[in-house]
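Summary of structural features
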Amino acid sequence: MPQNIERNESDRIPFIQKFIYGLGAFVNNLLGAAMNTMVIVLNLGLGMSPALMGLLGALPRLIDAFTDPLMGYISDHTKSKWGRRRPYIFFGAIISAVVFILLWQLPRGQSESFYFWFFLIGSILFYLAYTVFATPWVALGYELTPDYHERTQIMAIQNFMGQFAWLVAPWFLLFMQNKTLFSDMVEGAGWLAIIIGIFTVCIGILPAIFLVERHMPRPTPKNLLISDEQPAKPAKIMDVLTDFFKGFLITIKFKPFLSLCGATFLVFNGFMMVSAFQSYVIIYYVFGGDQASGAEYVGWAGTVSFIATSCAIFIATKLSTLFGKRKAFFITIGISIFGYALKWVCFTPENPMLVLIPPIFFAFGLGGLFTLMGSMVADVCDLDELETGERREGMFGSIFWWVVKLGLAAAMAAGGFLLYATGFDVALEGAQSADTLFYMRLADVLVPVICSVVAIFMVISYPITESMASDVRQKLEQRRGKMTADDNEVPPATELGAST
């Protein structure tokens with residue numbers, strides 16, 4: 001059990017600031033959930049193959065393998081009067097909203113190949129803009145406070161706020177196929193995109209406007225000091241690239257961080273691979289192909305999942321305070337494994353209401369994951385600074401969330417091919433074979449259970465406890481105090497050749 005360590009009241013963040021940061025989580029999750037949920041239109045509305053649909057989820061994410069860490073590096077090294085993060089959050093929210101709206105204005109009467117390339121190019125542009133918003137927003141959360149438990153509180157509130165996206169997303173399918181409002185599902189997707197885009201602009205810019213960045217003292221290497229004899233020169237591109245790759249390699253080789261990334265990939269990947277898959281099980285197994293009734297229960301299951309996840313977030317926060325972040329992770333993931341296993345019993349045509357029971361338990365998976373992991377990554381940033389002298393919230397955050405997005409891409413691609421492998425054929429509607437339904441149900445249960453079990457083993461070696469985090473912070477503050485004292489001995493700027 002963690003030791004009672006004295007906390008500094010100045011490290012506590014006002015609730016209103018936590019709430020505003022949480023609004024960024026809602027926008028962040030809403031865009032991701034909308035892409036994942038609305039993509040079913042390509043299959044059910046336009047007849048695209050599930051395999052191609054899976055590729056459309058995966059291929060744009062490969063671009064993120066390069067753009068996310070690059071955006072993290074740019075954010076870490078940005079110097080402006082508005083801060084390192086806020087300008088990107090502001091403009092990223094606006095641009096991503098505009099591209100998202102345009103992406104879903106799908107033209108009619110085109111070939112499957114046309115829709116594939118139209119959506120692929122549009123998705124790549126969207127995720128580029130989305131990265132500009134999301135990466136600095138994540139990094140901002142890591143540096144809002146240095147307090148071990150306050151970090152968990154911040155992540156709990158932002159995770160809770162983000163869950164509202166998963167509350168509304170399951171109802172998107174029902175909204176898009178509303179025949180009273182729209183002629184078909186494709187038109188419904190276009191109008192839904194406009195609503196989401198407007199909301200993204202109005203809410204996504206708020207963290208950039210109202211939050212204040214915590215400026216951490218950074219060491220200035222002596223070889224970067226400029227003298228009268230050596231005037232300032234712009235940094236060479238090769239120097240920047242060398243610095244970027246050096247920081248990138250240090251980040252991905254940091255073992256405590258790797259264990260967090262691996263566990264996150266597995267838990268999130270397992271959940272997302274069957275999130276869309278689950279909709280097919282409910283519609284075609286529980287309701288025999290009745291899309292309207294199935295979509296309604298998908299929505300209600302999402303509502304139950306939201307309520308359960310909201311409770312799980314605060315339970316995970318309390319468990320973290322009592323037992324530490326690592327043990328809290330083990331407990332919450334264990335509960336989610338039980339919930340996934342319940343699907344085999346509760347997803348049944350004989351009693352469709354039982355569909356609402358498993359989400360109560362497997363909601364602890366994501367509820368605990370993004371509450372605890374974000375807080376643990378912030379602790380990792382401190383340990384990295386102690387060892388390297390650098391602050392890399394942007395780099396750590398970008399790689400961590402790239403792993404999340406990689407998990408989503410892998411889940412969508414694998415989910416599409418897995419659905420295809422079961423023998424599912426949308427043209428058969430409710431006449432799917434018994435073998436197809438059996439394999440769909442089996443994948444819906446086994447994939448997240450196996451992924452979650454492996455994730456638990458990956459976090460066993462995570463070393464940072466509350467006492468260790470407190471010791472790291474004390475050493476950092478001593479170092480920063482010494483740096484400040486040393487800075488006071490540095491000759492005035494004019495003596496260094498800098499402009500006044």
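The shown structure was predicted, so the numbers you read here are calculated from the model rather than taken from an experiment.

**Examining the overall build of the protein chain**
Tallying secondary structure elements over the protein chain gives 17 helices and zero strands in all. Out of the 500 residues belonging to the protein chain, those deemed buried represent 55%. Of the contacts formed within the protein chain by residues at least 6 apart in sequence, a portion of 84% connects residues at least 24 apart. For the protein chain, the accessible surface area stands at approximately 21,600 Å², while carbon and sulfur atoms represent 67% of it.

**What to know about the nonpolar core**
Counting residues in hydrophobic clusters, the biggest one holds 133 residues, and the most contacted among them are Met 38, Phe 100, Trp 104 and Phe 329. For this core, the element with the highest residue contribution is helix α11 (residues 255-286), accounting for 18 residues. When sequence neighbours within four positions are dropped, the list of residues in contact with Met 38 reads Phe 100, Trp 104, Phe 172, Met 176, Ala 189, Leu 192, Ala 193 and Ile 196.

**Description of the confidence of the model for the protein chain**
Averaged over all residues, the pLDDT of the protein chain is 82; the fraction at 70 or higher stands at 89%. Mean pLDDT across the elements of the protein chain ranges from a minimum in helix α17 (residues 466-488), with 75, to a maximum in helix α4 (residues 86-103), with 95. Contacts from residues 487-500, a stretch scored under 50 in pLDDT, to residues over four places away or in other chains number 13 contacts.

**With respect to the side chain of Thr 78**
Note that Thr 78 resides in the loop between α3 (50-76) and α4. Of note is the side chain of Thr 78, whose polar atom sits 2.6 Å from the backbone oxygen of Ile 74. Within the structure, Thr 78 has its side chain in polar contact with the side chain of Tyr 88 (distance 2.7 Å). Beyond its immediate sequence surroundings of up to four residues, Thr 78 is in contact with Gly 83, Arg 84 and Tyr 88.

**Re the pattern of salt bridges**
According to the stated counting rule, one finds 18 salt bridges in the structure shown. Residue Asp 184 is joined to Arg 108 by a salt bridge in which the shortest nitrogen-to-oxygen separation is 2.6 Å. On the criterion of sequence distance, the pair formed by Asp 184 in the loop between α7 (172-176) and α8 (185-204) and Arg 108 in the loop between α4 and α5 (112-142) is long-range, its members being 76 residues apart. Looking at Arg 108, the relative accessible area reads 44%, which means it is partly exposed. Salt bridges sharing partners connect three or more residues here, namely Asp 76, Arg 84, Arg 85, Glu 143, Arg 151, Lys 325, Asp 379, Asp 382, Glu 385, Arg 391 and Glu 393.

**Focus: the packing of helix α12 (residues 291-323) against helix α14 (residues 358-388)**
Two elements in contact, α12 and α14, have axes whose closest approach is 7 Å; the angle formed by their N-to-C orientations is 50 degrees. One finds that α12 runs oblique with respect to α14. Pair α12 / α14 crosses with right-handed handedness. Residue-level inspection shows Ala 301, Val 304, Ser 305, Ala 308, Thr 309, Ala 312, Ile 313, Ile 315, Ala 316, Thr 317 and Ser 320 of α12 in contact with α14, the latter providing Pro 359, Ile 360, Ala 363, Phe 364, Gly 367, Gly 368, Thr 371 and Leu 372. For the contact of α12 with α14, the class distribution of residues is 12 nonpolar, seven polar and no charged.

**Here we look at the packing of helix α13 (residues 325-346) against helix α16 (residues 434-459)**
To describe two helices that pack against each other, one gives the angle between their axes and the distance between the axes. Put simply, α13 and α16 touch, their axes get as near as 9 Å, and they point 165 degrees apart. Judged by the angle between their axes, α13 and α16 are roughly antiparallel. The hand of the α13/α16 crossing is left-handed. Within the contact between the two elements, α13 uses Arg 326, Phe 329, Phe 330, Ile 333, Gly 334, Ser 336, Ile 337, Tyr 340, Ala 341, Lys 343 and Trp 344 and α16 uses Phe 438, Arg 441, Leu 442, Asp 444, Val 445, Pro 448, Val 449, Ser 452, Val 453, Ala 455, Ile 456 and Val 459. Broken down by class, the residue content of the contact of α13 with α16 amounts to 16 nonpolar, three polar and four charged.

**Remarks on the environment of Tyr 115**
Among the structural elements, Tyr 115 can be located in helix α5. Along the primary structure Tyr 115 and Met 48 are separated by 67 residues, whereas in three dimensions their C-alpha atoms are 8.3 Å apart. Setting aside residues no more than four positions away along its own chain, Tyr 115 makes contact with Leu 46, Met 48, Pro 107, Arg 108, Gly 109 and Gln 110.

**Some words on the environment of Gly 368**
Considering the arrangement of structural elements, one finds Gly 368 in helix α14. Separated by 43 residues in the primary sequence, Gly 368 and Lys 325 place their C-alpha atoms 9.6 Å from one another. With sequence-adjacent residues up to four places away left out, Gly 368 is seen in contact with Ala 316, Thr 332 and Met 373.

**Overview of the side chain of Thr 251**
Following the sequence through the fold, Thr 251 ends up in helix α10 (residues 237-252). Among the residues examined, Thr 251 registers a relative accessible area of 0% and is labelled buried.

**Re helix α1 (residues 15-38)**
For α1, spanning 24 residues, the distance from its first C-alpha to its last is 33 Å, which sits close to the expected 34 Å at 1.5 Å a residue. By the criterion of burial, α1 is predominantly enclosed, with 20 of the 24 residues buried.

Conventions adopted
Residues numbered from 1 in each chain as written. Predicted model: local features only at pLDDT ≥ 70, side-chain atom pairs only at ≥ 80, totals over all residues. Heavy atoms only, no water. Helix = DSSP H or I, 4+ residues; strand = E, 2+ residues; numbered from the N terminus. Buried < 20%, exposed > 50% of the residue type's maximum accessible area, 1.4 Å probe, protein only. Contact = heavy atoms within 4.5 Å. Areas by Shrake-Rupley, 256 points an atom, 1.4 Å probe, with all protein chains shown as cover. Core = buried A, V, L, I, M, F, W, Y, C linked by side-chain atoms within 4.5 Å. pLDDT = per-residue confidence, 0-100. Polar contact = N/O pair within 3.5 Å; in protein donor to acceptor, adjacent residues only side chain to side chain. Salt bridge = Lys/Arg side-chain N within 4 Å of Asp/Glu carboxyl O. Axes fitted to C-alpha atoms, helices over the stretch in contact; angles between N-to-C directions. Parallel < 35°, antiparallel > 145°, perpendicular 65-115°, else oblique. Left-handed = near helix turned anticlockwise from the far one by under 90°. Nonpolar A, V, L, I, M, F, W, Y, C, P; charged D, E, K, R; others polar. Expected span 1.5 Å × (residues − 1).

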